[in-house]
Structure formats: structure tokens, C-alpha cells
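Here is how the chains run, residue by residue.
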Amino acid sequence: MPLPTHTPVWRVKNSPVESVILDLSDDATFALTEEPVPQLEDGEMLVENVYISNDPAQRGWIQKGVLPERLYVAPVREGDVMATHSIARVLAINDNTAHEFKVDDLIYCMTTGWRQHAVVKANPSACLPLMVPDDVPPTAALGLFGVPGFTAYYGLKDILKLKEGESLIVSAAAGAVGNVVVQYAKNVIKAKKVIAIVGSDAKCQRIKELGADVAVNYKSDTFPQDLVDATSGFVDAYFDKYISGYVLDQVIPRIKPNGRIAACGSISGYNKGVGKPNMGTTWVEVVTNRLTIQGFVIFDFMFPKDGSNRVGTEAFPDIAGALQRGDIKLKEAEEIVEVPFADIPKVWGRLFTGANTGKLVTKLKCGA
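Residues numbered from 1 in each chain as written. Predicted model: local features only at pLDDT ≥ 70, side-chain atom pairs only at ≥ 80, totals over all residues. Heavy atoms only, no water.

### A short note on the side chain of Arg-59
Spelled out, the test is: Secondary structure elements are taken from DSSP: a helix is a run of H or I of four residues or more, a strand is a run of E of two residues or more, and numbering for both begins at the N terminus. Burial status follows relative accessibility: with a 1.4 Å probe on protein chains alone, a residue under 20% of its type maximum counts as buried, one over 50% as exposed, and anything between as partly exposed. In this count, Lys and Arg are taken as positive residues and Asp and Glu as negative ones, while His and the chain termini are left out. One speaks of a salt bridge when a side-chain nitrogen belonging to Lys or Arg is within 4 Å of a carboxyl oxygen belonging to Asp or Glu. Under this definition, polar contacts are N or O atom pairs within 3.5 Å; protein pairs additionally need one hydrogen-donor-capable and one acceptor-capable atom, and for neighbouring residues in sequence, both atoms have to be side-chain atoms.
Position of Arg-59 among the secondary structure elements: in helix H1 (residues 57-61). Salt bridges are absent for the buried Arg-59, whose nearest opposite-charge side chain, Glu-18, sits at 8.4 Å. Of the polar contacts made by the side chain of Arg-59, one reaches the side chain of Gln-63; its length is 2.7 Å.

### Section: the environment of Thr-357
Just so we agree on the cut-off: Whether two residues are in contact is decided by their heavy atoms: any pair within 4.5 Å suffices.
Tracing the sequence through the fold places Thr-357 in the loop between helix H10 (344-349) and strand S15 (359-364). In this structure, the C-alpha to C-alpha distance between Thr-357 and Lys-203, residues 154 residues apart in sequence, is 7.7 Å. Not counting the four nearest positions on each side in its chain, Thr-357 is found in contact with Ala-174, Lys-203, Arg-206, Glu-334 and Glu-335.

### Considerations on the domain arrangement of the protein
Which entries qualify depends on this criterion: Each domain's extent was defined by an automatic or database domain assignment. The buried area of a pairing is the accessible area, by a 1.4 Å probe, that goes missing from both parts when the two are put together, added over both. All residues other than Ala, Val, Leu, Ile, Met, Phe, Trp, Tyr, Cys, Pro, Asp, Glu, Lys and Arg, Gly among them, are scored as polar; the first ten of these are nonpolar and the last four charged.
Parsing the protein into structural domains produces domain 1 (6-143 + 334-364) and domain 2 (147-299). Relative to domain 2, the C-alpha centre of domain 1 lies at a distance of 29 Å. Between domain 1 and domain 2, the contact holds 22 residues from the first and 18 residues from the second. For the pair domain 1 and domain 2, the summed buried surface comes to about 1600 Å²; carbon and sulfur atoms form 58% of the total. Broken down by element, the side of domain 1 that touches domain 2 gets its largest block of residues, 3 residues, from H1. Across the side of domain 1 that touches domain 2, the residue classes tally to 10 nonpolar, 9 polar and 3 charged.

### Here we look at the packing of helix H2 (residues 147-159) against helix H3 (residues 178-189)
To keep it simple, the criterion reads: A fitted line through C-alpha atoms represents every axis, and for helices the fit uses only the stretch in contact; the resulting angles, taken between N-to-C directions, go from 0 to 180 degrees. Orientation labels follow simple angle bins: below 35 degrees gives roughly parallel, above 145 gives roughly antiparallel, 65 to 115 gives roughly perpendicular, and whatever is left gives oblique. If you view the pair so one helix is near and one far, a crossing is left-handed when the near helix is turned anticlockwise from the far one by less than a right angle, and right-handed when it is turned clockwise.
Axis separation between H2 and H3 bottoms out at 9 Å; the angle between their running directions is 50 degrees. For the element pair H2 / H3, the angle class is oblique. The two elements H2 and H3 cross, and the hand of that crossing is right-handed. On H3, the residues that touch Gly-149, Ala-152, Tyr-153, Leu-156 and Lys-157 of H2 are Val-180, Val-181, Tyr-184, Ala-185 and Ile-189. Its residues placed into classes, the contact of H2 with H3 shows 8 nonpolar, 1 polar and 1 charged.

Okay, here's the thing in C-alpha cells:
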């Protein structure tokens, strides 16, 4: 089969100020183009995206006017290819390069972005061998054995230092990170009580099946009282994916004195209407109850400055062991949506409407 000479590409057309616009209008956030595939140079590979990661953090990368020095990755500006991580198939490799990859390998890519075909460097700055246990589907490299799973692991172990017998609240508990937090906290660490906050009654039922002792729907009119009822005696720790807004305002007064909060996302503030910070009446709780709030970025653990391989020696074997024992259920931890390339933004947009459960992965239809 001849190698492709052109590829469809999604680029940022209009950097959003409030909500993203996922259509083909003049005001649309993204634009679909058809572009030539570059010639392979020494040390490069031609790859075809198969699975694309969808992450709330991508919304922050494209915010209009965002300062590069306030991000942990480079911002994606107007005219840039939309950035993402993906699993791609190797189609061709420059013959003059020493490498560990071969044609038809599935690899983990950090630089393809929203392209069907891309030319990438055959080195760890651009791509890595797929790291999943035997008999585990490759999509797990984007979820349980990727950024979401490792975020859950280090947020619980290093940031919150959650111990057996303690209690925990988890927001966005049905999402890619949250569902792993619930399962690992309850089934591995043996937390006494795990309270999950989700966005629908159906998600309440699903997250309880994964190990949550109690699940509350933050969209319910009774949410404030439901949370109070679920946290009688207060809780030791909070794993937060919202950072601001209505949910955080309700949770802070339910944390014990000297309690801990791990902050690893801000989905409530990404788009207009999904939650605005208040905390005028709750911030005093941080002071009077000596709460500790620590933000963290998982790349600090995945790529530590000392060059150590903490993920390979700690997180990966621990999570693999939990999966093998049945303490974590992979099937419930990911949602794969197969669509043609043109529908990539629509699938990504589901992150901000609560339509997904678990890690949302886009599978690209062959030839579409």
C-alpha cells in the first residue's frame, strides 16, 4: 500500500475566551485542513493515529491570552495543530536511523496532535514504546496506564498520603482520573469511606459499583444536604478535579481540621456556565481548620528532574497488580468512541458536557 502524501489536520482557528465552538462557522474554535505529509528525515518515522486522548487540560492549552510561563506545557496558539497524546501505528522509518521501533508497531506519541498522519522523531521526546501489561488493550496506555491512572496514583500516595482507615471525597469521580482514585483508594489503600461526587444518578450507581461507599449528584437540588449527610463526622482528604466553583464551595466545610486537598484540574472554570469560583464564605474554612491544599502536575512524577523512573518502578507495577487482583476494573475505566477524523472535536467536546464516563478515547475509523 502506498504511503500517504497528504493528511487531514485540525488547527486552532479562534482561541476561545469562554466556551469552545465546535462547528464549522467563522467563529469556530477549530478548522479542518488538508496538508502535505513532510518527507522523512534522518531519525524520523511516519505514523498513523489510531487512538486519540481526550483530556480536560487541553482546554487550558488553547485559552486566548494564556501566558506560557503559567502553563506546564507550551500553549497552543491560533494556527497551531491542536495538541494531544495518541497511540499511533508506525508506517515507515528512516532507514539510516538506529531505533527501537519497527513498522506496524503501536507506539505512544506526544507530538502528532490532531493529525491523521504525522512525521515524528524516533526518540523519547516525541514517542515511547507502548507500556501496558500483557493481555491489556493498547488504549489503557492513554488511561489506566497513562496520565489519568498515574495522576490518581501519585495524588493519593504522594500528595494526600491517604492511609488505610481514612475517609476521602472525590470530585469528577466518574471521569478518567476520578474512577481510578475511587477504586485504588477503596480497594487497595482500604479507605474507610469514599464519597464520590458525579453529575448524574446513572453515574452515582456506576461509581458505587466500582467501590464508592456513597455517591452524590452535584446537579441535584438536594446536593448540599446530600453531601452533609454523606460526610457525617467530616472527612480526612479531598481529591479535587474542579478547583473552583459550586462543588468546591460545598466540600471545603466538610473537611476535618488539618485535612488535605489534592488539586489536579480545573474543569469547572474552562468553559462558560460550568461553574464559577465563589469561596467568599468558604475560604475562611481553609484558615480556621488549617487545611493543606497542594496542586500538582503528573509530569513531575512521570519525567522527574533526577532522571529516575518512578512510574516504571512504582506506579506501573502497583496498578498492574491491582488490576490482576481485580481491585481495579479496566472495562469500567474507559470509554472508546469510534468516529471519522472529521468528528474529533465533537468527541473531545463531550468532556465538558458530562457525556463521558471513564477515560474518553477517540478511535479513528480506518479510511474515514
